[in-house]
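Below, each chain spelled out in residue letters.
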Amino acid sequence: MTELLAPNPRQRDDSRGLEATLAWRRGALAIELDIALPVRGITALFGPSGAGKTSCLRAIAGLDRGSNGTVSLGHEVWQDSAQRLFVPSHRRRLGYVTQEANLFVHRSVSGNLDYGYRRAGRPKHIDRDALIDQFGLRPLLGRRVDALSGGERQRVAIVRALLSDPSLLLFDEPLSALDTTARSDLLGQLETLHAALAVPMIYVSHAIDEVARLADHLVLLDAGRVVAQGPLQATLTRLDLPAALAEAVGAVIEGTVVGHDAHDHLTELAFAGGTLLIPRRGDVVGQRLRCRIGARDVVLTHERQSGSSALNQLRARVVAMAGADHPSQCLVQLDAGGSVLLARITQRSWHALALAPGSEVWAQVKAVALGT
Amino acid sequence: MPLLSTQDLQAFGLTLRLAATVTAVLLLLGTPLAWWLAQTRSRWQRPIAVVVALPLVLPPTVLGFYLLLLLGPHGAVGRLIAAMGWSALPFTFGGLVVASVVYSLPFVVQPLLNAFEAIGARPLEVAACLRASPLDRFFSVACPMALPGFITAAVLGFAHTMGEFGVVLMIGGNIPGKTRVLSMRIFDHVEAGEYLQAHTLSLCLLVFSFAALLAMSLLRPRRQERD
């Protein structure tokens, strides 16, 4: 987390990111949002469908006025219901990207891109041409937007938002309406964007793989309430998350690419707890890369196995255990050389292996489970 | 004898001038009114929408009668106008314009309202998040997206004003060169038994109305394609 808190030249305020304490009702659902986000980096707002993620984003953007409470970004107060203060959306400097690109049909691609750019006063510190090239929009500039593919539309929407010189980016499931290829392309572009991003972003998603690859910070939402928030790795390996999030829990390892096996199409990733072999993603040596190890995909053994098809075996120590959502299972928190791992195993295995906090084990992970 | 007499041509010119003026005034008044009706959550929205729609169902003579009372020397508006030193409206071109604006209002407001409502909240929210103020959103998003609605509104407003009779008769009288419009001229011809002249003028109106509606229906499928 800390290495991402590099000083940000554009933010007048230094230490305070978005802070929101809001309460409102959406139909039968009572939503209570209480979050404090870092000044920089991507915060994922994650939770099952119907948890109120989009509602939260709209409330932060000031698009729905029904909420009560306060919202501020740095020293700028956007909403303070007690003071009857409410800054309208167009003065909040937002970059809002939704699931459907919502491009203006009466404007060309460049007309769409320049809509916010012009209103922001064509700021000098925004390199319009570089952004257009980075997202491959140059050949599309003169086109009508209804002639674009889903992926192209979404790229236009993202660059349109970036060009408007936002102080906060709000991305609401920008990939969920795309087909697999377009989704994986754009996810890669968002990873690149992440590295260069000078403003904070809230990224709503119900796909844990997107969250694992993009987010630094995590806010878990369930039934309208924040159930956990904190740095991504630490939050996703907590043992006390509600059952609705059971599929999402697991470790996110950030490592450096140290080599490729061209013959077997594998990439070797070095991290604090050792090295991992993962299916080749086409990354260059030296690049930082993230990889999610789902709790379900980890097998625990006492000895290092020689006759196993699992390519990855990591030395780890049991830290803690907690019951899982199903009575037959438990979640085991492990420490692998400083990296936290999570394994979901049966209660029976826990007892059969006579595990306890402090036990030394080997964690086996199939490379197949580590992304495509 | 020429097909159209000087008086006929005079009536023709007056009618076109009236329709053009009324259409311009209606677009200026109807656009903010329709926008307000489309956006507001006020409890006055429905009553006001009904008032705007009233001329659709009221007999034109009833409307003309009330307008005559209202604009006449003893009416509220008439007295106000007199107090401001302007000349009275009834039996003048200005009176015709006012009456026609009221009478044709729903034909302009309704298509505009439909067009504004069809845009939905989303494009306007997107514009707001791209820093466009409410007025900016109206001109840069709502108006261009509602363009087909503006065309429909203008054609309907113009055509409807061209053909009106009852209101014009009540408020304008039938003064040659001043308030004698085409429909009135046709009435005069028929009364005088001049069927050929009545035919000619009627056919002109018929062809015009047909052309206007055809032009509108040709514009429609294009709008659907765009959506």
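All values reported here derive from a predicted model rather than from experimental measurement.

Procedures and definitions
Residues numbered from 1 in each chain as written. Chains lettered and ligands numbered in written order. Predicted model: local features only at pLDDT ≥ 70, side-chain atom pairs only at ≥ 80, totals over all residues. Core = buried A, V, L, I, M, F, W, Y, C linked by C-beta atoms within 7 Å. Buried ≥ 20, exposed ≤ 12 C-beta atoms within 10 Å, placed from the backbone. Domains from an automatic or database assignment. Contact = placed C-beta atoms within 7 Å. Helix = DSSP H or I, 4+ residues; strand = E, 2+ residues; numbered from the N terminus. pLDDT = per-residue confidence, 0-100. Pairing = 2+ DSSP bridges. Axes fitted to C-alpha atoms, helices over the stretch in contact; angles between N-to-C directions. Nonpolar A, V, L, I, M, F, W, Y, C, P; charged D, E, K, R; others polar.

**Some words on the nonpolar core**
Residues and elements named next belong to chain A.
Okay, so step 1: Residues Leu170, Tyr203, Leu341, Ala343 and Ala363 are the most contacted members of the largest nonpolar core, which totals 157 residues.
Okay, so step 2: Formed jointly, this core draws a minimum of three residues from each of two domains, domain 1 (2–239) and domain 2 (251–369).
Okay, so step 3: With residues near it in sequence (within four places) discarded, leucine 341 still touches Ala251, Ile293, Val298, Ala316, Leu334, Ala336 and Ala363.

**Considering unusual backbone geometry**
All names here are of chain A.
Okay, so step 1: Backbone geometry places asparagine 102, a non-glycine residue, at a positive phi of 50 degrees.
Okay, so step 2: Among the secondary structure elements, asparagine 102 is positioned in the loop between strand S7 (94–97) and helix H2 (109–119).
Okay, so step 3: The backbone of arginine 122 sits at a positive phi, close to 40 degrees, despite the residue not being glycine.
Okay, so step 4: Relative to the assigned elements, arginine 122 resides in the loop between H2 and helix H3 (128–134).

**Remarks on the confidence of the model for chain A**
Okay, so step 1: Scored by pLDDT, chain A has a mean of 90; 96% of the residues are at 70 or more.
Okay, so step 2: Scored below 50 in pLDDT, residues 1–12 of chain A makes 16 contacts in the model with residues more than four places away or belonging to other chains.

**Focus: the domain arrangement of chain A**
Residues and elements named next belong to chain A.
Okay, so step 1: Assigned domains within chain A: domain 1 (2–239) and domain 2 (251–369).
Okay, so step 2: Centre-to-centre separation of domain 1 and domain 2, based on C-alpha positions: 32 Å.
Okay, so step 3: Tallying the contact residues gives nine residues for domain 1 and ten residues for domain 2.
Okay, so step 4: Broken down by element, the side of domain 1 that touches domain 2 gets its largest block of residues, four residues, from helix H6 (residues 208–214).

**Looking at the sheet that holds strand S13 (residues 266–271) of chain A**
Residue and element names in this part refer to chain A.
Okay, so step 1: With antiparallel pairing, four strands are arranged side by side in an open sheet as S14-S13-S12-S15. Of all the strands in the sheet, just strand S14 (274–279) and strand S15 (288–294) have a single pairing partner and so form its edges. Pairwise comparison of adjacent strand axes, ignoring direction, gives a mean angle of 45 degrees for this sheet.
Okay, so step 2: With six bridges joining them, S13 and S14 adopt antiparallel strand pairing. Note on S14: the bridge partner recorded for glutamate 268 is leucine 277.

**Concerning the interface of chain A and chain B**
Okay, so step 1: Between chain A and chain B, the residue contacts involve 16 residues of the former and 14 residues of the latter.
Okay, so step 2: Elements supplying a minimum of two residues to the side of chain A that touches chain B: S7 and H2 of chain A.
Okay, so step 3: Ranked by residue count, the leading element in the side of chain A that touches chain B is H2 of chain A, at three residues.
Okay, so step 4: Looking at side-chain class alone, the side of chain A that touches chain B contains eight nonpolar, six polar and two charged residues.

**As for the pairing of strand S18 (residues 329–336) of chain A**
Residues and elements named next belong to chain A.
Okay, so step 1: Of all eight residues making up S18, six are buried, and the element is well covered by its neighbours.
Okay, so step 2: The pairing of strand S17 (residues 312–323) with S18 spans six bridges and is antiparallel. Along S18, the bridge assignment pairs glycine 323 with cysteine 330.
Okay, so step 3: Where S17 folds back onto S18 in an antiparallel hairpin, the turn is made up of five residues.
Okay, so step 4: One ladder, built from eight bridges, connects S18 with strand S19 (residues 339–346); its direction is antiparallel. Across the sheet, the residue bridging to aspartate 335 is valine 340, located in S19.
Okay, so step 5: If you look at the hairpin formed by S18 and S19, you'll find two residues sitting between the two strands, and glycine 337 has a positive phi there, around 55 degrees.

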